[in-house]
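Next come the chains, spelled out residue by residue.
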Amino acid sequence: MTETQAAALSETRNEGTTLLDFQDVEMTFPNGTVALSGVDLTVRQGEFVTVVGPSGCGKSTLLRIASGLESSSHGTVNIATSRIGYVFQDATLLPWRDVQSNVELLAELRKEPRAIRSQKAREAIELVGLKGFEEHLPRQLSGGMKMRASLARSLTLDPELFLFDEPFGALDEITRERLNDELLRLFAERRFAGLFITHSVSEAVYLSTRVVVMSGRPGAIVRTFEVPFPVPRDPDIRFTPEFAALVGDVSHALREGHH
Ligand SMILES: Nc1ncnc2c1ncn2[C@@H]1O[C@H](COP(=O)(O)OP(=O)(O)OP(=O)(O)O)[C@@H](O)[C@H]1O
């Protein structure tokens, strides 16, 4: 996509439109476990919001509710789009399908014509840097390449709201940093609304326009940090004192909210 096309896309996308809105959301499971309590969260077009919080505080539950897969037990949830991308920690590729047909899967399920889904998949594969690997099977790919394929599969939906459940958690540091850069580039081009979960505070600060810190279970939002660095973001920003200071503040809030 050229810069002009990207600018046109972000204009048609009405930057600032609210795509996800949680008001006083609570989640109590039938067994009595209270996973979320009093969560207020808004995600607008052009925002990339990352949630950090201790294990088991309800982050995945929050994401499942945001996707419409699960309903909250209390509060209001508004999801203003049906074009939702969802990337899980596991790449969830079908082992018998090659990259091209794995990436085509969502369009195929939506019964899009073969020529269109094939074209969409080719574009998405190129966008995530997997060109040349179309005929490879998942077992022939590295962990990072599998995640790229998984990202590409969601990109064929051209999502307005993109949900990420710790997608890079299992990858080595270098691959993770590279994929962070790829994702930031996609975000700068496509300007979807992102909701991203991670355990890494520096990943959260690097990727996001806003970082939300949750407390231990029941998960509630204890602090919100606006990230002042512009997008597109220079990878070297990670080595600046301003970046380190913000990572320190978020880590601090995370420790305070941990009980
Ligand atoms: N279907 C369910 N029934 C009962 N309890 C559940 C259910 N799903 C999740 N929980 C519980 O709700 C709490 C929140 O789970 P969730 O997976 O959302 O946490 P998380 O913050 O994503 O954890 P992690 O960071 O370890 O992935 C946990 O205590 C979990 O055991």
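Predicted, not measured: the structure shown is a model, and the values here were computed from it.

Listed in full, the buried residues belonging to helix α2 (residues 59-67) are Lys59, Thr61, Leu62, Leu63, Ile65 and Ala66. Note on α2: the residue one or two positions beyond its end, glycine 68, has a positive phi of about 85°.

Sheets are built from strands that pair by backbone hydrogen bonding, the pairs being arranged parallel or antiparallel. With respect to topology, six strands assemble into an open sheet ordered β5-β6-β7-β3-β8-β9, the strand pairing being mixed. Edge positions in the open sheet fall to β5 (84-87) and β9 (221-226), since each of these has one partner strand only. In this sheet, neighbouring strand axes are inclined to one another by 15° on average, regardless of whether the strands run parallel or antiparallel. Relative to strand β8 (residues 210-214), strand β3 (residues 48-52) runs parallel, the two being bridged by four bridges. Residue valine 51 lies in a different strand from β8, and its bridge partner there is valine 212.

Among the 13 residues in the neighbourhood of the ligand, the closest are listed as Phe29, Ser55, Lys59, Ser60 and Thr61. Counting residues per element, the shell around the ligand draws most heavily on α2, which supplies three residues. Broken down by class, the residue content of the shell around the ligand amounts to three nonpolar, eight polar and two charged.

By secondary structure assignment, the location of methionine 145 is in helix α6 (residues 143-155). Those residues in contact with methionine 145 that lie beyond four places of it in its chain are Leu130 and Phe133.

What follows is about the domain arrangement of the protein. Here the protein is partitioned into domain 1 (3-83 + 159-257) and domain 2 (94-158). The interface is formed by eleven residues belonging to domain 1 together with nine residues belonging to domain 2. Grouping the amino acids of the side of domain 1 that touches domain 2 by side-chain chemistry returns eight nonpolar, one polar and two charged.

In this numbering, the UniProt entry assigns the feature "domain: ABC transporter" (unreviewed entry) to residues 20-241. Overall, residues 20-241 shows 32% helix and 25% strand. The separation of its end C-alpha atoms is 33 Å.

Moving on, we get to the nonpolar core. With 63 residues, the main nonpolar core has Ala152, Leu163 and Val250 as its most contacted residues. Inspection of this core shows a minimum of three residues originating in each of domain 1 (3-83 + 159-257) and domain 2 (94-158). Residues within four places of leucine 163 in sequence aside, it is in contact with Leu63, Ala66, Ser67, Ile84, Gly85, Tyr86 and Leu195.

Before going further, it helps to spend a moment on the pairing of strand β1 (residues 18-28). Looking at chain direction, β1 and strand β2 (residues 34-44) are connected through seven bridges and run antiparallel. From the neighbouring strand, methionine 27 faces β2, where its bridge partner is leucine 36. Hairpin connection from β1 to β2: five residues lie between these consecutive antiparallel strands, with glycine 32 at a positive phi of about 95°. Inspection of the sheet shows β1 paired to strand β4 (residues 74-79) by five bridges, in the antiparallel sense. Bridge pairing links glutamine 23 to threonine 76 in β4.

Here we come to helix α5 (residues 114-127). At 3.6 residues per turn, the α-helix brings residues three or four places apart onto the same side. For α5, spanning 14 residues, the distance from its first C-alpha to its last is 20 Å, which sits close to the expected 20 Å at 1.5 Å a residue. Buried within α5 we find Arg117, Lys120, Ala121, Ala124 and Ile125. In an axial view of α5, the angular spread of the buried residues amounts to 135°, which keeps them on one side of the axis. Exposed residues pointing more than 90 degrees away from the buried face of α5 are listed as Ala115 and Ile116. Where α5 is buried, its residues contact α3 (99-103), α4 (105-109) and α6. Positioned one or two residues after α5, glycine 129 has a phi angle of 80°, which is positive.

Criteria and thresholds
Residues numbered from 1 in each chain as written. Predicted model: local features only at pLDDT ≥ 70, side-chain atom pairs only at ≥ 80, totals over all residues. Buried ≥ 20, exposed ≤ 12 C-beta atoms within 10 Å, placed from the backbone. Helix = DSSP H or I, 4+ residues; strand = E, 2+ residues; numbered from the N terminus. Pairing = 2+ DSSP bridges. Axes fitted to C-alpha atoms, helices over the stretch in contact; angles between N-to-C directions. Near = placed C-beta within 6 Å. Nonpolar A, V, L, I, M, F, W, Y, C, P; charged D, E, K, R; others polar. Contact = placed C-beta atoms within 7 Å. Domains from an automatic or database assignment. UniProt positions renumbered as here; feature names shortened; annotations may be inferred. Core = buried A, V, L, I, M, F, W, Y, C linked by C-beta atoms within 7 Å. Expected span 1.5 Å × (residues − 1). Arc of directions from axis to C-beta.

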